[in-house]
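Take a look at the letters that make up each chain.
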Amino acid sequence: PELGRRLRGQDPVEILYCGVLEHRKGPDLLIEALANPSVRDEAWMLTVVGSGSMAGRLQQQVRDARLSDRVHFLGTLPIADVRELMFDMDVLVLPSRFDGWGAVVNEGMSAGLAVVASDQVGSARTMIKHGVDGFLFAAGDQSALAKVLRRLLTERCLLDATKGRALGKSRLFSPEVAAFRLSLLCKALAVGDEPPVWEEGPCRALNR
């Protein structure tokens, strides 16, 4: 999209979790954070897409927290339906305790969502500049996640700005840009030239 979904007035912020419902992915941490007193009374709705061994436990966790009217479990959806759903969301949360990459971060940013992810998500560490085009928090720390969510829920201008910058950042990680940069890098290495230096995006310089 050229622009992501725009919130009006006191519309609830639409939050999305998309992934398998397993301990490694940390969906329980997200529910804990939303049940945190600093967050639960703000205007938000959570949509959970995915299935896994924690599904029943998570649903019980939601009931125990008295959040059943604000959390919707959709199960597994076709990829095309997930993509369409993302256009109606505002925030994507990936609270993984560990995630080698986490492609949903790419997908969320390219749909114009503000992404909140743990610092153990490879794609988030690569793509997100904390506080600018997304947010990182310490893996396993639900209070840190709650703090980030509260900022986005209470500072609507920050949320809108983050969504716009996320969309811009995602374009740097398109297949076309990645392939072009990789080809230039390989050519330089093949002939012994100094490799190109990119500050952001694929093949960027690290500790150089």
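Heads up: these notes are all about the structure in this document. Predicted model only: the values in this text are computed from it and were never measured.

What follows is about the pairing of strand β1 (residues 13-18). Of all the 6 residues making up β1, 6 are buried; the element is thus mostly covered by neighbouring parts of the structure. Note that β1 and strand β2 (residues 44-49) share 6 bridges and pair parallel. From the neighbouring strand, C18 faces β2, where its bridge partner is V49. The pairing of β1 with strand β4 (residues 91-94) spans 2 bridges and is parallel. Bridge pairing in β4 places L16 opposite L92.

Residue position: D88 is located in the loop between α4 (79-86) and β4. On the basis of relative accessibility, which here comes to 46%, the residue D88 falls in the partly exposed class. The sequence separation of D88 and C157 amounts to 69 residues, and the corresponding C-alpha distance is 18 Å.

A few words now on the packing of helix α1 (residues 27-35) against helix α7 (residues 142-154). At their nearest, the axes of α1 and α7 sit 8 Å apart, and the two run at 60° to each other. As judged from the angle between their axes, α1 and α7 are oblique. Considering the relative orientation of α1 and α7, their crossing is right-handed. Contact residues: L29, L30, E32, A33 and L34 in α1; Q142, L145, A146 and L149 in α7. Here the residues of the contact of α1 with α7 are counted per class, giving 7 nonpolar, 1 polar and 1 charged.

The next point concerns empty space enclosed by the protein. Following the criterion strictly, the structure yields 1 cavity of 30 Å³ or more and no others. Of the voids in this model, the largest cavity is the one considered here, and its volume is about 30 Å³. Forming the boundary of the largest cavity are Y17, P27, L30, I31, L46, V48, L58 and F73. Residue assignment for the lining of the largest cavity shows that the elements contributing at least two residues are α1 and β2. For the lining of the largest cavity, the element with the most residues is α1, which contributes 3 residues. Partitioned by chemical class, the residues of the lining of the largest cavity number 8 nonpolar, no polar and no charged.

This part takes up the layout of surface pockets. Looking at the largest pocket, its volume works out to about 320 Å³. Along its surface, the largest pocket is lined by 15 residues, and C18, L77, I79, V82 and E107 are the ones closest to its centre. Mapped onto the lining of the largest pocket, the elements with two or more residues apiece are α4 and α5 (103-110). Ranked by residue count, the leading element in the lining of the largest pocket is α4, at 4 residues.

What follows covers the pairing of strand β3 (residues 71-75). Two elements, β2 and β3, share 4 bridges in a ladder whose sense is parallel. Looking at β3, one finds that V48 is bridged to F73. For the crossover from β2 across helix α3 (residues 55-64) to β3, the handedness is right-handed.

Before going further, it helps to examine the pattern of salt bridges. In total, this model carries 9 salt bridges according to the counting rule given. Here D99 makes a salt bridge to R24, at a shortest N to O gap of 3.7 Å. Highlighted residues: D99 in the loop between β4 and α5 and R24 in the loop between β1 and α1, separated in sequence by 75 residues. D133 serves as the salt-bridge partner of K169, at 2.7 Å between the closest nitrogen and oxygen. Of this pair, K169 sits in helix α8 (residues 156-172) while D133 sits in the loop between α6 (122-127) and β6 (135-137), and the two are 36 residues apart along the sequence. Judged by relative accessible area, D133 falls into the buried class, the value being 4%. One network of salt bridges, with partners in common, ties together R24, K25 and D99.

Calculation notes
Residues numbered from 1 in each chain as written. Predicted model: local features only at pLDDT ≥ 70, side-chain atom pairs only at ≥ 80, totals over all residues. Heavy atoms only, no water. Buried < 20%, exposed > 50% of the residue type's maximum accessible area, 1.4 Å probe, protein only. Helix = DSSP H or I, 4+ residues; strand = E, 2+ residues; numbered from the N terminus. Pairing = 2+ DSSP bridges. Axes fitted to C-alpha atoms, helices over the stretch in contact; angles between N-to-C directions. Parallel < 35°, antiparallel > 145°, perpendicular 65-115°, else oblique. Left-handed = near helix turned anticlockwise from the far one by under 90°. Contact = heavy atoms within 4.5 Å. Nonpolar A, V, L, I, M, F, W, Y, C, P; charged D, E, K, R; others polar. 1 Å grid on protein atoms, 1.4 Å probe; cavity = no way out; pocket = protein on both sides within 12 Å on 5 of 7 lines; lining within 4 Å. Points joined across faces, edges and corners; volume = space filled by probe spheres on them. Right-handed = clockwise from strand over helix to strand, strands pointing away. Salt bridge = Lys/Arg side-chain N within 4 Å of Asp/Glu carboxyl O.

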